[in-house]
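Structural characterization, general
For reference, the chains in residue letters:
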Amino acid sequence: MKKKIALVTGSSRGIGKAIAGELIQENFIVYITGRNRNDLELTAEELGSNVRMIQGDFTDDAIIQTSIQSIIIAEKSLDLVVANLGSGTSTSGHDVEIQEYKRVFDVNFFSSVSLAHASAKVMQNSGGNIIFIASIAGCEASGLL
Ligand SMILES: NC(=O)c1ccc[n+]([C@@H]2O[C@H](COP(=O)([O-])OP(=O)(O)OC[C@H]3O[C@@H](n4cnc5c(N)ncnc54)[C@H](OP(=O)(O)O)[C@@H]3O)[C@@H](O)[C@H]2O)c1
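We now turn to the structure provided with this report. (Residues numbered from 1 in each chain as written. Predicted model: local features only at pLDDT ≥ 70, side-chain atom pairs only at ≥ 80, totals over all residues. Heavy atoms only, no water.)

**Some remarks on the pattern of salt bridges**
Going by this rule: Take a side-chain nitrogen of Lys or Arg and a carboxyl oxygen of Asp or Glu: if they are within 4 Å of each other, that pair is a salt bridge. Elements are defined by DSSP. Helices are runs of H or I of four residues or more, strands are runs of E of two residues or more, and each kind is numbered from the N terminus.
Throughout the structure, instances matching the rule amount to four salt bridges. Residue D39 is joined to R13 by a salt bridge in which the shortest nitrogen-to-oxygen separation is 3.6 Å. Here D39, found in helix α2 (residues 37-47), pairs with R13, found in the loop between β1 (4-8) and α1 (14-25); they are 26 residues apart in sequence, far enough to count as distant. Ionic pairing is found between R37 and E41, a salt bridge with its closest N-O pair at 3.2 Å.

**A short note on the environment of E75**
Applied cut-off: Accessibility here uses a 1.4 Å probe with only protein chains present; expressed as a share of the type maximum, an area under 20% marks a residue as buried, one over 50% as exposed, and anything in between as partly exposed. Working rule for contacts: check all heavy atoms of both residues, and any pair within 4.5 Å makes them a contact.
Structurally, the position occupied by E75 is in helix α3 (residues 61-75). Overall, E75 belongs to the buried group, its relative accessible area being 16%. For E75 and Q124, which are 49 residues apart along the polypeptide, the C-alpha to C-alpha distance reads 16 Å. Beyond its immediate chain neighbours, meaning those up to four positions away, E75 contacts I5, I29, Y31 and R52.

**What to know about a negative patch on the surface**
Note the threshold: Patch construction takes residues with relative accessible area above 30% that form no salt bridge. Like charges are linked within 9 Å, and nonpolar side chains (Val, Leu, Ile, Met, Phe, Trp, Tyr) are linked within 5 Å. We get accessible surface area from the Shrake-Rupley algorithm with a probe of 1.4 Å; when it comes to residues, only the shown protein chains can shield them. Note on charges: Lys and Arg go in the positive column, Asp and Glu in the negative column, and His and the chain ends are not counted at all. Every charge is mapped to an atom, namely NZ of Lys, CZ of Arg, CG of Asp or CD of Glu.
A grouping of D57, D60, D61 and D106 is seen on the molecular surface, where their side chains present a negatively charged patch. Mapped onto the elements, D61 comes out in helix α3.

**Remarks on the packing of α3 against helix α4 (residues 98-123)**
The test is simple: Every angle, taken between N-to-C directions, lies between 0 and 180 degrees, and every axis is a line fitted to C-alpha atoms, over only the stretch in contact when it is a helix. The scheme is simple: roughly parallel for angles under 35 degrees, roughly antiparallel for over 145, roughly perpendicular for 65 to 115, oblique for anything else. In this scheme, a crossing is called left-handed if the near helix is turned counterclockwise away from the far one by less than a right angle; it is called right-handed if the turn is clockwise. Three residue categories are used. Nonpolar comprises Ala, Val, Leu, Ile, Met, Phe, Trp, Tyr, Cys and Pro, charged comprises Asp, Glu, Lys and Arg, and polar comprises the others, including Gly.
The contact between α3 and α4 brings their axes to 10 Å, and the two run at 30°. Classified by the angle between their axes, α3 and α4 sit roughly parallel to one another. Considering how the two elements wind past one another, α3 and α4 form a crossing that is right-handed. The segment α3 lies against α4, with D61, I64, Q65, I68 and I72 engaging S111, S114, L115, A118, S119 and V122. For the contact of α3 with α4, the residue count by class is six nonpolar, four polar and one charged.

In structure tokens, the structure reads:
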């Protein structure tokens, strides 16, 4: 049976890595992402031969688009995208700088919008799926992290 192709962002460790591992068990080839090359290589080695690595900052539109195109060139299809990249780590209080708001929105929101935008274009005729991983931290204040 032909393997399906998945991209899981933010997956060299944490929840993304666990999702990648589960998808491999379900007969997917999984593209994992992260900025740190060493972490990616260690995770790829751990997860086995059905893992492919993309190193880069997935808050960067150009990297997102290039990555999607590279997957299509290599695999001819993309069946599943998991927009997992995100972080609840920030600062709190009335004096948070506007740059910090922008950084948090880039990591948690615009990275997913950009990923969905780029992915939908290549998946629209093939019936692929996009899953967004969110957090309770997006709904309620949880104190200083
Ligand atoms: N942990 C929780 O308790 C929890 C609870 C509810 C929801 N969530 C959600 O689950 C998702 C994953 O959380 P997590 O705690 O598993 O994250 P994590 O442990 O901090 O993992 C972050 C992963 O994302 C990569 N990454 C970070 N910034 C990146 C960037 N700009 N471009 C590409 N890769 C990047 C990291 O590698 P590099 O650092 O090498 O880039 C790493 O592989 C998030 O959306 C989070 O909101 C988490």
